[in-house]
Each structure stands twice: as structure tokens, then as C-alpha cells.
Amino acid sequence: DTGVSQNPRHKITKRGQNVTFRCDPISEHNRLYWYRQTLGQGPEFLTYFQNEAQLEKSRLLSDRFSAERPKGSFSTLEIQRTEQGDSAMYLCASSGQGNNQPQHFGDGTRLSIL
Amino acid sequence: AQKVTQAQTEISVVEKEDVTLDCVYETRDTTYYLFWYKQPPSGELVFLIRRNSFDEQNEISGRYSWNFQKSTSSFNFTITASQVVDSAVYFCALSEGDTGRRALTFGSGTRLQVQP
């Protein structure tokens, strides 16, 4: 049973560039979540998918951010025109169907904006 | 709006000491779920335990125990006979159940350092 997989582990880019991250959830999980974590803080929710439907988006998800899960399996998170404030760890999680099911997290993608 | 408060920013103990991590939550929902996660230096968030709002039974798992009290909106976590491998940041989190929201709201975490 493989866990949640995220790629790349690290991404360094110049301000203004676009970046895309990928998340592969646990295979039997139909729910997928994206969070952002900055140093010394707890993760902050960004968005949530049930199968391919994006059901919930945080106000943190500005119009420069877009997430997709086209076939209800893997998901991508794209950030356009990156800014210094986008530097953070981006975490993906997945869970089963029940409302009380725990979310299982990947190792994250650390984004550094130069 | 929901909120999770972990007032202890950092705790340092010596190996074999018992330590309790505090968590206080706020929610208007009658059904909700509470979680504890561990984030070791390697960075991955590891799920430890879940509690439903309608189940106030405390739980013990090895050296770990959890005390859920709805009357004080608290969900505290105790590690007995701490070990160096327990050193990590611990997060308490809340998920509300009355609406369709599935987001976890995390506290700011408590960094536990266990000295040998």
C-alpha cells in the first residue's frame, strides 16, 4: 500500500515564472486535498476534490492558483506568475469517503521563489 | 468560524518524562472530528488519532493517550515515558461535520524536544 506521492520534492524558480506540482493519492481514496504550510505554522487548506469535482476552495486560493484532477486520480496544482509570498511547502492529502476519515499526507513540495 | 489553539509553542523534556500537549478548539457545529498529527524533522505529517464529537471516551495506545472533554472544548495528548524519537512538531486539527466542508483547520503546532 503506497502512500501519497508528490513531485517534485523541491522547486526553485524565479519570481514571475509558472510552476506546476503533481500529487498521486492513495489509490483507493476518492478525496484529495491541497494545503500550504509556511515555516512555524500549521498547514492551511487550499482546495478539495471528490473524484474529479472540485468541491471546496479557500480564499487563500487566488486567481493565480489553479488545481485540477481531470480523471479523479492524480491532481496538479499550478501557480502562475509566482510571487515571493508563494514560497512555502505545498502538501497534498487524500482520504476515503467517510466524513470522519483521516487525511493522509504526502511529503510535500517545497517551493522557493528567488 | 472554526479555530484550533495550541498555546504551547515549544516544550522541552528529558527522556522518560511524561508530557501533555494541549489543544483547545472552537466550532459551532454539533458534529465534528478532531485529529492529532505528528510532523518529525523529515517533514511528513503522520496521522495519530481521530475523535468524533459524539464519542468522549478517552483512548490509550501504547505510550500515547488522549483526553477529549467537550465541556472545556479540549483534546489533549499525553506521551508517557517520552523518548528521543518523539521529538517532532505535533498538530491538533478540526474538521466540521454539519456542512459539506471537508477542510482540516490546524493549530499552529507544539514543538516537542526530548533530550536524552
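The model shown is predicted, which means the values in this text are computed figures rather than measured ones.

About the criteria used
- Within each chain, residue numbers correspond to sequence positions counted from 1 in written order.
- Chains carry letters from A onward and ligands carry numbers from 1 onward, assigned in written order.
- Per-residue local features are limited, in this predicted model, to residues with pLDDT of at least 70; the limit for side-chain atom pairs, both in listing and counting, is 80 or more; totals at the level of whole chains, interfaces and linings are taken over all residues.
- Excluded from the side-chain calculation are hydrogens and water; included are all heavy atoms of the structure.
- Each helix corresponds to a stretch of at least 4 residues labelled H or I by DSSP, and each strand to a stretch of at least 2 residues labelled E; elements are numbered beginning at the N terminus.
- A radius of gyration in this sense is built from C-alpha atoms; the matching globule rule multiplies 2.2 Å by the number of residues raised to 0.38.
- Exposure classes here rest on a 1.4 Å probe applied to the protein chains alone. A residue is buried below 20% of its type maximum, exposed above 50%, and partly exposed in between.
- Throughout, a residue-residue contact means that at least one pair of heavy atoms, one from each residue, lies within 4.5 Å.
- The Shrake-Rupley method, run with a 1.4 Å probe, gives the accessible areas here. Residue values count only the displayed protein chains as cover.
- A pair of strands is considered paired only if DSSP assigns at least 2 bridges between the two.
- A fitted line through C-alpha atoms serves as each axis, taken over the contacting stretch for helices, and the angle formed by two N-to-C directions is quoted from 0 to 180°.
- Note on terminology: disulfide denotes any pair of cysteine sulfur atoms within 2.5 Å.
- Throughout, buried area stands for the accessible area (probe radius 1.4 Å) lost by two parts on being put together, summed over both.
- Criterion for a salt bridge: a side-chain nitrogen of Lys or Arg within 4 Å of a carboxyl oxygen of Asp or Glu.
- Think of a polar contact as two N or O atoms within 3.5 Å of one another; within protein, one of them needs to be a possible hydrogen donor and the other a possible acceptor, and neighboring residues in sequence only count if both atoms come from side chains.
- Nonpolar residues are Ala, Val, Leu, Ile, Met, Phe, Trp, Tyr, Cys and Pro. Charged residues are Asp, Glu, Lys and Arg, and all others, Gly as well, are polar.

Draft legend 1. Inspection of the overall build of chain B at higher detail. When you go through chain B residue by residue, the secondary structure sums to zero helices and 12 strands. In chain B, the succession of α and β elements from N to C terminus is β-β-β-β-β-β-β-β-β-β-β-β. A globule of 116 residues ought to have a C-alpha radius of gyration of about 13 Å, and chain B, at 14 Å, matches this closely. Principal-axis analysis of the C-alpha atoms gives chain B an extent of 45 × 25 × 20 Å. When burial is assessed residue by residue, chain B has 49% of its 116 residues classed as buried. If you take every contact in chain B between residues at least 6 apart in sequence, the share linking residues at least 24 apart comes to 57%. Counting only carbon and sulfur atoms, one obtains 46% of the accessible surface of chain B, whose full area is about 5,500 Å².

Draft legend 2. Molecular detail of the sheet that holds strand S8 (residues 75–79) of chain A. Residues and elements named next belong to chain A. The sheet built from four strands is open, its strands ordered S1-S3-S8-S7 with antiparallel pairing. What marks the edges here is a single partner per strand, and that holds for strand S1 (5–7) and strand S7 (65–68). Strand-to-strand twist of the sheet, defined as the mean angle between neighbouring strand axes without regard to direction, takes the value 15 degrees. Pairing between S1 and strand S3 (residues 19–24): three bridges, direction antiparallel. Each bridged residue has a counterpart across the sheet, and for asparagine 7 the counterpart in S3 is arginine 22.

Draft legend 3. Main features of the state of the cysteines. Residue and element names in this part refer to chain A. On inspection of all chains with the given rule, the structure shows two disulfides over all chains. One disulfide bridge connects cysteine 23 with cysteine 92, the sulfur atoms lying 1.8 Å from each other. The disulfide joining cysteine 23 to cysteine 92 has a torsion of about -70 degrees about its S-S bond and is therefore left-handed. Within this pair, whereas cysteine 23 is found in strand S3, its partner cysteine 92 is found in strand S9 (residues 88–95), the two being separated by 69 residues in sequence. With respect to burial, cysteine 23 and cysteine 92 carry one shared label: buried.

Draft legend 4. Representation of the interface of chain B and chain A in the model. The interface is formed by 18 residues belonging to chain B together with 21 residues belonging to chain A. Both faces considered, chain B and chain A share a buried interface measuring about 1,700 Å² in area, 51% of it formed by carbon and sulfur atoms. Across the contact surface, chain B and chain A share zero salt bridges. At the surface where chain B touches chain A, the tally comes to six residue pairs in polar contact (both at pLDDT 80 or more). Of all the secondary structure elements, the ones that give two or more residues to the side of chain B that touches chain A are strand S5 (32–39) and strand S6 (46–52) of chain B. A per-class count over the side of chain B that touches chain A returns nine nonpolar, five polar and four charged.

Draft legend 5. Seen up close, the environment of Lys3(B). Tracing the backbone through its elements, the reader meets Lys3(B) in strand S1 (residues 3–5). Sequence separation between Lys3(B) and Leu45(B) is 42 residues, and the spatial gap between their C-alpha atoms is 20 Å.

Draft legend 6. Main features of unusual backbone geometry. A cis amide bond, omega -10 degrees, links Asn7(A) with the succeeding residue Pro8(A). With respect to the helices and strands, Pro8(A) occurs in the loop between S1 and strand S2 (10–13). We note that Asn51(A) has phi near 55 degrees; this positive angle belongs to a residue other than glycine. Residue position: Asn51(A) is located in the loop between strand S5 (44–50) and strand S6 (53–57). Non-glycine residue Ala81(B) carries a positive phi angle of around 50 degrees. On the secondary structure map, Ala81(B) appears in the loop between strand S9 (74–79) and strand S10 (88–96). With relative accessibility at 32%, the residue Ala81(B) sits in the partly exposed group.

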